[in-house]
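# Examination of the molecular architecture
The residues making up each chain are set out below.
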Amino acid sequence: MENQLIQNTIAFVKEELNDAEGGHDWFHIQRVFNTSKLLLQHEEGDSLVVQLAALLHDIADPKFHNGDEQIGPQTAQDFLETQQVSHETTAHVVNIIRHMSFKNSLEQDGETFTSKEMDIVQDADRLDAIGAIGIARAFNYGGFKNRELYNPKVPPNLNMTKEEYKKSKAPTINHFYEKLLLLKDGMRTPTGKKLAEKRHQFMLDYLEQFYKEWDGSA
């Protein structure tokens, strides 16, 4: 029965994200889903909650829905209710989706919900935001929004509020300093921390080469 629920969820997510931006499409969900299952091999957590939250965490990303932060959790809840998922599991999954985004960590009050399952899904999602895939996703989204690659006259904002983060139109390179390079130290699970080390170093190496090529010195 659980396997059928997962298959139904996969089919629902694929349909909902059929025309999604390339960095937030089904393949992103699939990677987060697979990484979550990898983390579950080493970390404690409710497998069903983790799998459902991983599959549904970006079902309606606010940045593609006029900043509406309620549509994602509500869409997930509505779907889970059609699948007769228990109230307890549904509430847990919806809470994870509502609180796991990086931008929520920029609020003064910080995250107001935590669980072992959220730690796993959040780490898996953040791992997909760094390393080689993370670089590709950053520039894909930057191109989608027609942003500059880099502008030396526009320094990164290292003390952004949540609202400033949501409204930012800064060059893509700034995003490395405003988010991506901060994720390694924000990993919640021991396994996530270990996996993040190599991906973090890859980004540092990439930036070093980027600036050399920008200056024409390499």
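Below is a summary of the structure that appears in this document. (Residues numbered from 1 in each chain as written. Predicted model: local features only at pLDDT ≥ 70, side-chain atom pairs only at ≥ 80, totals over all residues. Heavy atoms only, no water.)

As a further point, take the packing of helix α7 (residues 131-144) against helix α10 (residues 190-214). Two elements in contact, α7 and α10, have axes whose closest approach is 7 Å; the angle formed by their N-to-C orientations is 55°. Regarding the angle of α7 to α10, the classification is oblique. For the pair formed by α7 and α10, the contact residues are G131, A132, I135 and F139 on the first element and R199, F202, M203 and Y206 on the second. In terms of residue class, the contact of α7 with α10 is built from six nonpolar, one polar and one charged. (Axes fitted to C-alpha atoms, helices over the stretch in contact; angles between N-to-C directions. Helix = DSSP H or I, 4+ residues; strand = E, 2+ residues; numbered from the N terminus. Parallel < 35°, antiparallel > 145°, perpendicular 65-115°, else oblique. Contact = heavy atoms within 4.5 Å. Nonpolar A, V, L, I, M, F, W, Y, C, P; charged D, E, K, R; others polar.)

Quick look at the environment of Q77 now. Considering the arrangement of structural elements, one finds Q77 in helix α4 (residues 71-82). In the structure, Q77 is positioned 100 residues away from Y177 in sequence and 34 Å away in space, judged by C-alpha atoms. Once residues lying within four places of it in the same chain are set aside, the contact partners of Q77 are T90 and V94.

Tracing the backbone through its elements, the reader meets H200 in helix α10. Residue H200 is classed as buried on the basis of its relative accessible area, which comes to 12%. Those residues within four positions of H200 in sequence are excluded, and the remaining contacts are L181 and K184. (Buried < 20%, exposed > 50% of the residue type's maximum accessible area, 1.4 Å probe, protein only.)

The tendency in soluble globular proteins is for nonpolar side chains to be buried side by side. Counting 34 residues, the largest nonpolar core has V13, L55, L56, V93 and I96 as the members making the most contacts within it. Looking at this core, the elements with two or more residues in it are α1 (2-16), α2 (26-40), α3 (47-56), α4, α5 (87-99) and α6 (116-127). Those residues in contact with L56 that sit more than four places away from it in its chain are T9, F12, V13, A76, F79, L80, V93 and I97. Core analysis: the next-biggest nonpolar cluster, separate from the first, contains 20 residues, F102, I130, L181 and A196 among them. (Core = buried A, V, L, I, M, F, W, Y, C linked by side-chain atoms within 4.5 Å.)

So, on to the environment of N159. One can find N159 in the loop between α7 and α8 (162-167). Residue classification places N159 among the exposed positions, given a relative accessible area of 66%.

On to the pattern of salt bridges, then. Summed over the entire model, instances satisfying the criterion amount to six salt bridges. A salt bridge links R31 to D128; the shortest N-O distance between them is 2.6 Å. On the criterion of sequence distance, the pair formed by R31 in helix α2 and D128 in the loop between α6 and α7 is long-range, its members being 97 residues apart. Owing to a relative accessible area of 26%, R31 belongs among the partly exposed residues under this scheme. Taking the shortest distance from any N to any O, the salt bridge between D185 and K184 comes out at 2.9 Å. D185 sits in the exposed class, given a relative accessible area of 62%. (Salt bridge = Lys/Arg side-chain N within 4 Å of Asp/Glu carboxyl O.)

Okay, the packing of α1 against α2 next. Viewed as axis vectors pointing N to C, α1 and α2 meet at an angle of 150°, and their least axial separation amounts to 10 Å. Here α1 lies roughly antiparallel to α2, going by the angle between them. In the packing of α1 onto α2, the handedness of the crossing is right-handed. Contact residues: I6, I10, V13 and K14 in α1; W26, I29 and F33 in α2. The class makeup of the residues in the contact of α1 with α2 is six nonpolar, no polar and one charged. (Left-handed = near helix turned anticlockwise from the far one by under 90°.)

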